[in-house]
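The chain contents come next:
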Amino acid sequence: MQNLVRKTIIFAIFLGLVLVITTLYYLRDPIYNKARYDYLSTLSYNQVMANYENKRAVENSTTRAMMIQNLFERMVVVYNHLYPEVQYNWELNLIKSDNINAYAMPSGGIVIFTGIIDELELTYAEVAAIIGHEMGHVILEHARNRQAQENLTEAAENIGSFVFQLLTGSNNARTDGVGDFVSRVLVGLTYSRTQELQADVLGMYLIANAGIDPSAAVSVFQKLGTLESSDSDFRSDHPYSEKRVSLLQKHLPQAKEIYELMTIYQKHGVKENFPYVKPNLQNRY
């Protein structure tokens, strides 16, 4: 009987892994993924913006809005030089709201709420750092990767629940939450934290290449740190700001060199052949 149970468990795990690999391969197919996510995210972004426009919540004619658009356009120019092989529908809108947040859609649509600017009293360079962070999520395809990760999590839950039922004879593995807890702790949180840190670093290099002081990336997360609760680092969906600041400070000297070089080029009116520098994001975070 024990041999039968053992063989059944091995077969279930093997079958589950096959399903996971097949699902991830399908979701990560570049043609399928980009077409699907670009269409859905652009459609969603347009619908959201239409709703904000109907409420007259879009800030687009103020000096602040125009300054932020100018920063954004400079960063898009940098992106087009660093990553010419993949194009996005870059668009940024400033929304009048007390919401202290910003987000980006997979196809390149970005929303910045005025609440985060007003509450933290952000400088334009710090706003650029937030824009760079959101662009980083798009460039690194975090939305699509997260979708694949969620599928992996769901498969892990199903396998864990099935094995739990075989070992205990229980029919309540799903409601017991065993598979859900293990898979989310081991798969979900670590991946999300890594994404945030990668976007931080890439965002810093984007603004440096645009001739914007990269130290603003450090100061903006120091300000965000004053808003965070005292929840444990392990259980948080995002890393503590002190850890984000520490990582950015490690990259700051190199980013500063890029920024200083760009300011020299801009000072002398050079508009072509900028020595843009693509960051290396292969390190673990």
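Below is a short write-up of the structure. Positions within a chain are numbered from 1, following the residues in the order the chain's sequence is written. With pLDDT at 70 or above as the cut-off, local features in this predicted model cover only qualifying residues; side-chain atom pairs require 80 or more to be listed or tallied, and sums for whole chains, interfaces and linings still use all residues. Computation of side-chain values covers all heavy atoms of the structure but excludes hydrogens and water.

## Some words on the overall build of the chain
Okay, so step 1: Helix and strand counts for the chain stand at 10 helices and four strands.
Okay, so step 2: Secondary structure elements are defined from DSSP: runs of H or I of at least 4 residues count as helices, runs of E of at least 2 residues count as strands, and each element is numbered from the N terminus. Overall, the chain shows an N-to-C arrangement of helices and strands of α-α-β-α-β-β-β-α-α-α-α-α-α-α.
Okay, so step 3: Only protein chains enter the area calculation, which uses a 1.4 Å probe; residues under 20% of their type maximum are buried, those over 50% are exposed, and those in between are partly exposed. Taking all 285 residues of the chain together, the buried fraction comes to 44%.
Okay, so step 4: Contact between two residues is taken to exist if any of their heavy atoms lie within 4.5 Å; hydrogens are not considered. For the chain, contacts bridging at least 24 residues in sequence account for 69% of all contacts bridging at least 6.
Okay, so step 5: Accessibility throughout is a Shrake-Rupley quantity obtained with a 1.4 Å probe, and a residue counts as covered only by protein chains that appear here. Only carbon and sulfur atoms are counted for the fraction: they give 54% of the accessible area of the chain, which is about 16,000 Å².

## A look at the nonpolar core
Okay, so step 1: Counting residues in each nonpolar core, the largest one holds 53 residues, and the members touching the most others are Trp90, Ile112, Ile131 and Met135.
Okay, so step 2: At the level of secondary structure, the elements contributing two or more residues to this core comprise α3 (63–82), β2 (91–95), β4 (109–113), α4 (114–120), α5 (124–139), α8 (178–209), α9 (215–225) and α10 (241–267).
Okay, so step 3: Residue contributions to this core peak at nine residues, all from α3.
Okay, so step 4: Not counting residues within four places of it along the chain, the set of residues in contact with Trp90 comprises Phe72, Val76, Tyr79, Ser107, Gly108, Ile110, Met135, Val138 and Ile139. The criterion is simple. A nonpolar core is a set of buried Ala, Val, Leu, Ile, Met, Phe, Trp, Tyr and Cys residues joined through side-chain atoms within 4.5 Å.

## With respect to α5
Okay, so step 1: How far a helix is expected to stretch is found by multiplying one less than its residue total by 1.5 Å. Taking 1.5 Å per residue as the helical rise, α5 with its 16 residues ought to reach 22 Å, and the 22 Å between its terminal C-alpha atoms agrees with that figure.
Okay, so step 2: Here α5 lies mainly inside the structure; 14 of its 16 residues are buried.
Okay, so step 3: After α5 finishes, the residue Glu141 shows a positive phi value of roughly 55°.

## Focus: the packing of aromatic side chains
Okay, so step 1: Working definition: rings of Phe, Tyr and Trp (its six-membered ring) pair if their centres are within 6.5 Å, and the pair is stacked with planes under 30 degrees apart, edge-to-face with planes over 60 apart, and tilted otherwise. Using the criterion set out here, one finds six aromatic pairs in the structure.
Okay, so step 2: Of the aromatic side chains, those joined through ring pairs into one cluster are Tyr79, Tyr83, Tyr88 and Trp90.

## Remarks on the packing of α5 against α9
How two helices sit against one another is set out by the angle between their axes and by the gap between those axes.
Okay, so step 1: Between the N-to-C directions of two axes lies an angle of 0 to 180 degrees, each axis being a line fitted to C-alpha atoms and, for a helix, fitted only over the stretch in contact. Contact geometry of α5 with α9 gives a least axis separation of 8 Å together with a crossing angle of 90°. By the angle between their directions, the pair α5 and α9 is classed as roughly perpendicular. In contact with Ala125, Glu126, Ala129, Ile130 and His133 of α5, α9 contributes Ala216, Ala217, Ser219, Val220, Phe221 and Lys223.
Okay, so step 2: Broken down by class, the residue content of the contact of α5 with α9 amounts to seven nonpolar, two polar and two charged. Roughly parallel means an angle under 35 degrees; roughly antiparallel means over 145; roughly perpendicular covers 65 to 115; every other angle is labelled oblique. Polarity classes work like this: nonpolar for Ala, Val, Leu, Ile, Met, Phe, Trp, Tyr, Cys and Pro, charged for Asp, Glu, Lys and Arg, and polar for all others, with Gly in that last group.

## Some remarks on the sheet that holds β2
Okay, so step 1: Spatial strand order, β1-β2-β4-β3: four strands in an open sheet with mixed pairing. Edge positions in the sheet fall to β1 (58–59) and β3 (102–104), since each of these pairs with one other strand and no more.
Okay, so step 2: A pair of strands is considered paired only if DSSP assigns at least 2 bridges between the two. Strand direction decides the pairing type here: β3 and β4, joined by three bridges, are antiparallel. The residue bridging Ala104 from the neighbouring strand is Ile110, located in β4.
Okay, so step 3: Taken strand by strand, α3 contacts β1, β2 and β4, and its axis lies near 155° from that of β2.

## Side note on the packing of α9 against α10
Okay, so step 1: One can describe the packing of α9 onto α10 by two numbers: an axis separation of 8 Å at closest approach and a directional angle of 170°. On the basis of their axis angle, the class for α9 and α10 is roughly antiparallel. Residues Ser215, Ala217, Val218, Phe221, Gln222, Leu224 and Gly225 of α9 form the contact with α10, whose participating residues are Ser241, Arg244, Val245, Leu248, Gln249, Leu252 and Lys256.
Okay, so step 2: Of the residues assigned to the contact of α9 with α10, the class counts are seven nonpolar, five polar and two charged.

Worth remembering: the numbers are spatial, not functional.
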